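Secondary and tertiary structure notes
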Amino acid sequence: MQSQSKSSTEIVDSELRGRLVGVGHPLLDISCEVDRKMVMKYNLRMNDTIMAEERHKPIYSELKSRKNVKYIAGGSTLNTMRVAQWMIRSQGATSFIGCIGNDSCAKKLISCAKKDGVDTYFQVEKDTSTGKCACLIVDKERSLVTDLQAARKYRLEHLKQPKIIPVWSKAKIIYISGFMLNGNLETVMYLAKHCSQTDFCMNLSAPFLMVVPHLQNAVKRVLPYIDILFGNEVEAKAFGLMMGYKTDNITEIAASASSEKSARKTERSKTVIFTKGAECTIVAKDGNAERYQVPTLDYKKIVDTNGAGDAFVGGFLSQLIEGYPTEICVKAGHFAAQTIIQTSGTDLSHNNQSYFPKNATLLQDPKAELNIKRGK
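It should be emphasised that the depicted structure is a prediction, and the values quoted were computed from it without experimental measurement. (Residues numbered from 1 in each chain as written. Predicted model: local features only at pLDDT ≥ 70, side-chain atom pairs only at ≥ 80, totals over all residues. Heavy atoms only, no water.)

**Topic: the overall build of the protein chain**
For the protein chain, the count of helices and strands is twelve helices and 17 strands. Looking at the protein chain residue by residue over its 376 residues, the buried ones come to 57%. Partitioning the contacts of the protein chain with sequence separation of at least 6, the portion at a separation of at least 24 is 74%. Accessible surface, the protein chain as shown: approximately 16500 Å² in total, 49% of it carbon and sulfur. (Helix = DSSP H or I, 4+ residues; strand = E, 2+ residues; numbered from the N terminus. Buried < 20%, exposed > 50% of the residue type's maximum accessible area, 1.4 Å probe, protein only. Contact = heavy atoms within 4.5 Å. Areas by Shrake-Rupley, 256 points an atom, 1.4 Å probe, with all protein chains shown as cover.)

Here it is in structure tokens:
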């Protein structure tokens, strides 16, 4: 199943088409501002992500019944592709591969992704529900309850289909989240070993991946094939502990991680990028780390923090595929993250701001983009 879209504000650049591909768990985000009573009702914590248990199942229908509910194409990797597509604004620049069901949630997810301009290539499981994520927003914070369902049933056979092979084999960058290691390690390793001419990128995604023994082993197996590793401060510390670096300083952890041996056929440096909230972003390569300050943002402008990490990666990769240096990519990541946290949920479909990497100028008239060469 494939969906494509073309926005009136997008430009067509054949050199960028299909250059950035995400493979991950597609979820329909069901996002809503709620009160703390609902959070307490389901025994949830703010700024936390959990897997749905049986007692959490009613939360999805309860959110759907609310007037202010929003449906957004989600899941960590798809969020990143959506943001990157919004930043690039070149038709067909991003693609996403994953597994969905054959139900109303799948139809909503496909429609949302199409509206955001991401080309989608889905394996469809007819007897399993589409994955979904309940996003409860309270006072600029969020609590996420994920029910993967069909998302975790993605099979390597789909990736090997003749119509799917060109999607990922011709990409300049392939991006996955660490969540794919939980149940889809075979797919991840196949990609890692068969994309020698492609930048293979992964996000650490969650601390538990570096704590649970069999998931630790999965992270260590794929690590030698990773060209660019992303993570936040908490994930970085869990990674450092897992690797036995004997420090909780994330700058030192990033430097050590960037020195890990590569199993890639072509010699290349490993880049490690750790975000430290509103303070700074740390980028390490060949054992050397640099810090990039995050621009100040008025706290009053923050709507909610959902998706900030995914947005940073989307912004970073959107400039990387165009060949911009690290500093420009980091600035784009900061811009994307700060844009997302000023938005309810991760919905950018109505945001017509335009990003130019040379000076990070925001144009109020998106049509101007059609008349100006990007970055010039």
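Anyway, onward from the coordinates.
**Digging into the sheet that holds strand E4 (residues 48-51)**
Across the sheet, five strands lie side by side as E4-E9-E8-E3-E5; this open sheet has mixed pairing. If you trace the sheet from one side to the other, it starts and ends with E4 and strand E5 (70-74), each paired once. In this sheet, neighbouring strand axes are inclined to one another by 20° on average, regardless of whether the strands run parallel or antiparallel. When strand E3 (residues 27-33) meets E5, the two strands line up antiparallel, connected through five bridges. Note on E5: the bridge partner recorded for isoleucine 30 is tyrosine 71. The strands touched by helix H3 (residues 76-88) are E3 and E5; relative to E5, the strand with the most contacts, the crossing angle is about 95°. (Pairing = 2+ DSSP bridges. Axes fitted to C-alpha atoms, helices over the stretch in contact; angles between N-to-C directions.)

**Considering the pattern of salt bridges**
In the structure shown here, the tally under the stated rule is 15 salt bridges. Linking lysine 57 and glutamate 54 is a salt bridge whose minimum nitrogen-to-oxygen distance equals 3.8 Å. The class of lysine 57 is partly exposed, set by a relative accessible area of 31%. Residue glutamate 125 pairs with arginine 155 through a salt bridge whose shortest N-O separation is 2.5 Å. Here arginine 155 lies in the loop between strand E9 (141-147) and helix H5 (156-159) and glutamate 125 lies in strand E7 (residues 119-125), a separation of 30 residues in the sequence. A residue is classified by how much of its surface remains accessible, and glutamate 125, at 14% relative accessible area, is buried. (Salt bridge = Lys/Arg side-chain N within 4 Å of Asp/Glu carboxyl O.)

**Focus: helix H11 (residues 308-320)**
Across its 13 residues, H11 extends 18 Å between first and last C-alpha, which sits within 8% of the 18 Å expected from 1.5 Å per residue. Here H11 lies mainly inside the structure; eleven of its 13 residues are buried. For H11, the full list of buried residues reads Asp310, Ala311, Phe312, Val313, Gly314, Gly315, Phe316, Leu317, Ser318, Gln319 and Leu320. (Expected span 1.5 Å × (residues − 1).)

**Let's talk about the environment of isoleucine 59**
Residue placement: isoleucine 59 occurs in helix H2 (residues 58-64). The spacing of isoleucine 59 and methionine 38 is 21 residues in sequence and 9.0 Å in space, taken between C-alpha atoms. Setting aside chain neighbours within four positions, we find isoleucine 59 in contact with Met38, Tyr42, Leu44, Ala134, Leu136 and Val145.

**A look at the pairing of strand E6 (residues 94-101)**
For a regular strand, side chains alternate in direction, first toward one face of the sheet and then toward the other. The element E6 is largely enclosed, with a buried count of eight among its eight residues. In E6, alternate side chains face the same way, and those of Thr94, Phe96, Gly98 and Ile100 on one face and Ser95, Ile97, Cys99 and Gly101 on the other are all buried. In the sheet, strand E2 (residues 20-23) pairs with E6 via four bridges, with the strands oriented parallel. Residue pairing across strands places valine 23 opposite isoleucine 97, the latter belonging to E6. Bridge count for E6 against E7 is seven bridges, and the pairing is parallel. Its bridge partner lying in E7, glycine 101 is registered against glutamate 125. With respect to chirality, the unit in which E6 leads through helix H4 (residues 104-115) into the neighbouring parallel E7 is right-handed. (Right-handed = clockwise from strand over helix to strand, strands pointing away.)

By themselves, these figures tell us nothing about what the structure is for.
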